[in-house]
Each structure stands twice: as structure tokens, then as C-alpha cells.
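Breakdown of the fold
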2 protein chains.
Amino acid sequence: MISSSTNQQVKDIIKLQKQPKYRRSQSLFVAEGLKMLTEAAWKGSLVKIYISESAMQKKQGSLIKLYNKYPYETVSDKVFGHMSDTVTTQGILGIVKQPSYSMESILEDKRHMWLLLDDIRDPGNLGTIMRTAEGAGMSAVIMGRGTADLFNPKTVRSTMGAIFRMPFIYADDITEVIMQIRNNGYNVYGTAMEGSIIYDKADYTKGAGIVIGNEANGIQDRVLECITGSIRIPMEGKLESLNAAVSAAVIMYEAARQRRGIIL
Amino acid sequence: MISSSTNQQVKDIIKLQKQPKYRRSQSLFVAEGLKMLTEAAWKGSLVKIYISESAMQKKQGSLIKLYNKYPYETVSDKVFGHMSDTVTTQGILGIVKQPSYSMESILEDKRHMWLLLDDIRDPGNLGTIMRTAEGAGMSAVIMGRGTADLFNPKTVRSTMGAIFRMPFIYADDITEVIMQIRNNGYNVYGTAMEGSIIYDKADYTKGAGIVIGNEANGIQDRVLECITGSIRIPMEGKLESLNAAVSAAVIMYEAARQRRGIIL
């Protein structure tokens, strides 16, 4: 059993939790909880499991099933507390390989519905957007380089497992991806305060790209210049804007509503 | 200038930030930032302002305008840091009266669109829901007693000012409110995983109540028994549920879409 915080594996986990650069260099991240690790196992991405002493003592059936198949270590509760990013931990976390997708496979997806994020900064928003994108049946989430790190512990948690199921990619230049989608014959709409059409008047039935901008500044001018048209969500009252994850949800579900019953 | 953390006013602010019971007993809360306090002033709810030494030195025009009209205190930056709930503070916060509305005025609102929360627990979700409810043009947000405290600093922040503009009320028994809305001639729909109709097939044009359930457990059985019908948001992939604020947004904006152009 690991019972010292100076243990190399413990230090490594904490580094994976806290340092985006280290996560990137290793192509690894940390996922917590039995559900997330079971998803990681299905995906073939689970590398190693760490279980707290008290979680081990509970002998939960689904946990035993998991650690019988993967390398694991038991960790004292106190040290586990340092490794975990959550306040109320289940006492199980794991090192997981970062999923990776090719731009080709993403652009070829037969649903032809792409969500493009022009630099969403809030980790919770990003996770919620991934989760909603899965529910709304999007092909993939394409992120500009300034978007938050998808493997941030808070983001991973708020995807509720969508991180293992929803294709995604970071694009060096999001305008190039927009032009590719347009060259393939699809419209790309971007949200803007002064958008020229109401979001539900855009036609998503043949497939489309939807660009969501940064929480504070919206879509960059150079990105706005590439899109087919700008859309807006009408707002009552004196509100200046909607939350970015809410805007994304409203538009993705309007697209899903229009496309329901259409055979793709 | 206040420069000691043991100052009674400082202690009082911290108590208002941290203790829901104290907030309730005083019918006060703390709002931070110039925008929020300006809203509070418009609403006639601003009681007193506290400004950090360095914010004071900046002599920002809109800040001067505000503190010329209200009682204020200057506070050393260090002490202000203890009073503020945010990491990157603007250096201005205020004591504000809690807005309060009567059930009568809420039920009489001419838009006839009520959002009912059957115990939303996450402060961020609650604030985002208030913000979206304003944007979607709801009459009011009616909260079951188990719902998070709207005056929690995180919730206040995430309303983005809607807390001063969106009518709301805590109801002792949410089923009684549902029955009242139904007796007034409106349908009340509730979200459920196994909802019998897809949310966009419900008719919101004549007005309606929409019930959103708790993040983990959904709507309570006793509440489900009172509603007109249960609705569901279709989900692709293997997702178990959507985020509560996302579900609320998708349904409220579908109602707004159906009602657009209708003269109320």
C-alpha cells in the first residue's frame, strides 16, 4: 500500500491533475470515480487504477471486476485525498490515455453537424458543452487553440463520460476548418449578439457547423469573416448575454429538433 | 479607512457571504462588482458600499457616481480580500436588500410562463437558470424549499444581474403552486427521463408551467403526480442525462420559439 505523499506515483498523479503541459506531453489524464473508469476501460484507455484503503475495504462488486483486469495500487486515505481533485471522493481514480481523433474522420462523420468553439475558457462550460453535444447528436467538437484544456479535472468531471464518447480535436487554425466544412458543402453559422438571423430560422437539416465564441468577447473578427452567416438567440429583459454552454445547448437542440425524423 | 479584519462591519459582510441563515434573517446579501451594484441601485436595493483602497485610487467615473449617492467605506486591500468571495476582485462590493415578490403578482404575470425548480442543489446551476429564464422571457422562477439559496455568492454572480430583474419565490409546497397554475387554466409539464412526450411536442403557446427536477434524482414522485404531463429531451449517444441548467434552457427556449410573434 502507498502511504507516503512523496511516493513517485503519487507525485505523478498530482502533476497530471494540475499541469496541462505535463498531461499533453504524456498524452494522459486522470479520471475519477467508478463510472468514468468503467467508460475508460470500455474505450481501452485505462492504464492504471488507484484505490483508497477504505474504498478497497467495501469490496464493491463492480470495483473488484475492474481492478482484477488492470494494474492497481491501494493508497492510504490520507494520501488518496491529496491525489483526488474532488472534495467528496469515491476513493477510486485512474490514469487514462487521452482519446485522439483525426480531422479526416471528424469531417467525414455522416451526421454532418460540427460544433466549433472559438476559445471557451471556463473548464465547467467546456465539459457541459461536450456533454450536451453528445446528447444533441453532434459529429464532433472542434476547438480553437485558446479553448480550455479538455483534460482539466473539472472539465473531465462535467463531461459526465462524454469525454470518452464524443469525438473532438484541437485545431491550430479554426478558420481553416470552417473553410473545409464550407468547401464540403455545409453552412457554418456563428453566434453573435447582433447576428443577422434568429438561430431557429437557420436551416440545419442538411448538416452545418455552429461556432460558439468566447464567454467575454464572443467570436473573433477573423473567424466571423469566414462563416456563412451570423445567428442570434433573442433575449428578453435586460440581459447582455447567455451563458456559453446554454447558447450552445439551445442551438444544438434546435438543430436536433429540425433534423428529427430525417434519415441521414 | 477600515484596515482590520476584526472590524464589526467586515465580520458582518463575511457572515453574509458565508451563512445562508444569517442572510435570511437579515433579508440582505452581498453583491460584488460595479455592474451588479449599479443594478442594485436602480432597483432601490443598495444599502451600503465597500471599496478597496486601490479601487478607490483609480477614480473610475461610474464608481464615483455610485458612492456619491450611497453610504460607503474604504477598506484596505488586504481586508477587502477577506470580504470578497471572488479570486480576481474588482474591489467593490455592497450590502443589498433581498428582492421579494408576492405569489399573487407572480401568478398574475401576463406572460403566463413559470419555471418551477424541484430542488436544484448546485449554486452555479441555479444562477445560470435565473439568467436564462430572464433571456427566455419567463414570468418567474418558483423554487421548492430544497432548492439552493439564491443569495449564495456564487449564485448571485452567475445570474449576471438577473437576480435583480427576474421575479422569484420560494414555495413551502411546490405541489400547491402547480395546482394553482393548473386551476388557472395552464398546463404544467415536468421533465422526466421516461417522459411521455418529446419536449417540443408540448404546446406552450397559451402559457405553461415547466418543472425541472433535482440534478441527481429528478422530480419527486409527489410532484410528478400533480403535473399535466411529463416531457423528455431526446438524447443521442450513451448519456444518462443533461445538466439541469441545460435542460431548463432547451425547454424554455423551445417555449419562446413557439410563442414568438404571438401577441400576449
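Preceding this paragraph is the structure being described.
Heads up: these notes are all about the structure in this document. All values reported here derive from a predicted model rather than from experimental measurement.

Let's talk about the overall build of chain A
From N to C terminus, chain A includes twelve helices and eleven strands. Relative to its length of 264 residues, chain A is compact, with a C-alpha radius of gyration of 20 Å against a globular reference of 18 Å. Summarising its shape, the C-alpha atoms of chain A cover approximately 60 × 40 × 35 Å along the three principal directions. Looking at the 264 residues of chain A, the share that counts as buried comes to 56%. When contacts within chain A are restricted to residue pairs at least 6 apart in sequence, those whose partners lie at least 24 apart make up 78%. Counting every atom, chain A has about 11,800 Å² of accessible surface; 49% of that belongs to carbon and sulfur. For chain A, the separation between the mean place of its 32 positive charges and that of its 27 negative charges on side chains is 7 Å.

What about the packing of helix α8 (residues 123-136) of chain A against helix α12 (residues 244-259) of chain A?
Residue and element names in this part refer to chain A. One can describe the packing of α8 onto α12 by two numbers: an axis separation of 9 Å at closest approach and a directional angle of 10°. With respect to their mutual orientation, α8 and α12 come out roughly parallel. From α8, Asn125, Thr128, Ile129, Thr132, Ala133, Gly135 and Ala136 reach across to α12, where they touch Ala244, Ala245, Ala248, Ala249, Met252, Tyr253 and Ala256. Its residues placed into classes, the contact of α8 with α12 shows ten nonpolar, four polar and no charged.

Looking at the interface of chain A and chain B
Each partner contributes to the interface: chain A provides 34 residues, whereas chain B provides 34 residues. Summing both sides of the interface, chain A and chain B together bury roughly 2,800 Å²; the carbon and sulfur share of this comes to 55%. Contact with chain B buries surface across chain A, with Arg131, Lys238 and Tyr253 of chain A losing the most and accounting together for 21% of the total. There are six salt bridges connecting chain A and chain B. Between Glu240 of chain A and Lys35 of chain B there is a salt bridge, with its nearest N and O atoms 2.9 Å apart. In this assembly, chain A and chain B are joined by 14 residue pairs in polar contact (both at pLDDT 80 or more).

What to know about the packing of aromatic side chains
Residue and element names in this part refer to chain A. In this structure the tally under the stated criterion is 14 aromatic pairs over all chains. Aromatic side chains Tyr101 and Phe168 sit 5.4 Å apart centroid to centroid with 70° between the ring planes, which places their arrangement in the edge-to-face category. On the criterion of sequence distance, the pair formed by Tyr101 in the loop between β4 (92-97) and α7 (103-108) and Phe168 in strand β7 (residues 168-171) is long-range, its members being 67 residues apart. Given the relative accessible area of 5%, Phe168 is considered buried. Ring geometry for Tyr189 and Tyr204: centres 5.7 Å apart, planes at 70°, overall edge-to-face. With a gap of 15 residues between them, Tyr189 in strand β8 (residues 187-191) and Tyr204 in the loop between β9 (197-198) and β10 (208-213) connect regions that are remote in the sequence. The exposure class assigned to Tyr189 is buried, which follows from its relative accessible area of 8%.

Focus: the sheet that holds strand β11 (residues 229-232) of chain B
Either a parallel or an antiparallel arrangement is found when strands of a sheet pair, and the pairing is made through backbone hydrogen bonds. Residue and element names in this part refer to chain B. Reading across the sheet, the seven strands line up as β7-β6-β5-β10-β8-β11-β9 and stay open at both edges, with parallel pairing between neighbours. Each of the sheet's edge strands pairs with one partner strand only, and the pair in question is β7 (168-171) and β9 (197-198). Taken together, the four bridges between strand β8 (residues 187-191) and strand β10 (residues 208-213) define a ladder with parallel strand orientation. Within the sheet, the bridge partner assigned to Val188 lies in β10 and is Gly209. Against the sheet, helix α12 (residues 244-259) makes contact with β5 (113-118), β8, β10 and β11, and its axis sits at roughly 165° relative to β10, the strand it touches most.

Describing the relation of the copies chain A and chain B
With an RMSD of 0.0 Å, chain A superimposes on chain B once it is rotated by 180° and translated 0.0 Å along the axis. Viewed as a symmetry operation, the transformation between the two copies matches a two-fold axis. Among all residues of chain A, the minimum C-alpha distance to the rotation axis is found for Val250 of chain A, at 2.6 Å. Looking at the interface residues of chain A, 100% of them are also at the interface in chain B, so both copies use one shared face.

Quick word on the sheet that holds strand β6 (residues 140-144) of chain A
All names here are of chain A. The sheet built from seven strands is open, its strands ordered β7-β6-β5-β10-β8-β11-β9 with parallel pairing. Single-partner strands in this sheet number two, and they are β7 and β9. Across the sheet, α12 is in contact with β5 (113-118), β8, β10 and β11 (229-232); its angle to β10 comes to roughly 165°.

About the cut-offs
Residues numbered from 1 in each chain as written. Chains lettered and ligands numbered in written order. Predicted model: local features only at pLDDT ≥ 70, side-chain atom pairs only at ≥ 80, totals over all residues. Heavy atoms only, no water. Helix = DSSP H or I, 4+ residues; strand = E, 2+ residues; numbered from the N terminus. Rg over C-alpha atoms; globule rule 2.2 N^0.38 Å. Buried < 20%, exposed > 50% of the residue type's maximum accessible area, 1.4 Å probe, protein only. Contact = heavy atoms within 4.5 Å. Areas by Shrake-Rupley, 256 points an atom, 1.4 Å probe, with all protein chains shown as cover. Lys, Arg positive; Asp, Glu negative; His and termini not counted. Charge placed at Lys NZ, Arg CZ, Asp CG, Glu CD. Axes fitted to C-alpha atoms, helices over the stretch in contact; angles between N-to-C directions. Parallel < 35°, antiparallel > 145°, perpendicular 65-115°, else oblique. Nonpolar A, V, L, I, M, F, W, Y, C, P; charged D, E, K, R; others polar. Buried area = accessible area lost by both parts, 1.4 Å probe. Salt bridge = Lys/Arg side-chain N within 4 Å of Asp/Glu carboxyl O. Polar contact = N/O pair within 3.5 Å; in protein donor to acceptor, adjacent residues only side chain to side chain. Phe/Tyr/Trp six-rings, centres within 6.5 Å; stacked < 30°, edge-to-face > 60°. Pairing = 2+ DSSP bridges. Least-squares fit on C-alpha atoms with pLDDT ≥ 70 in both.

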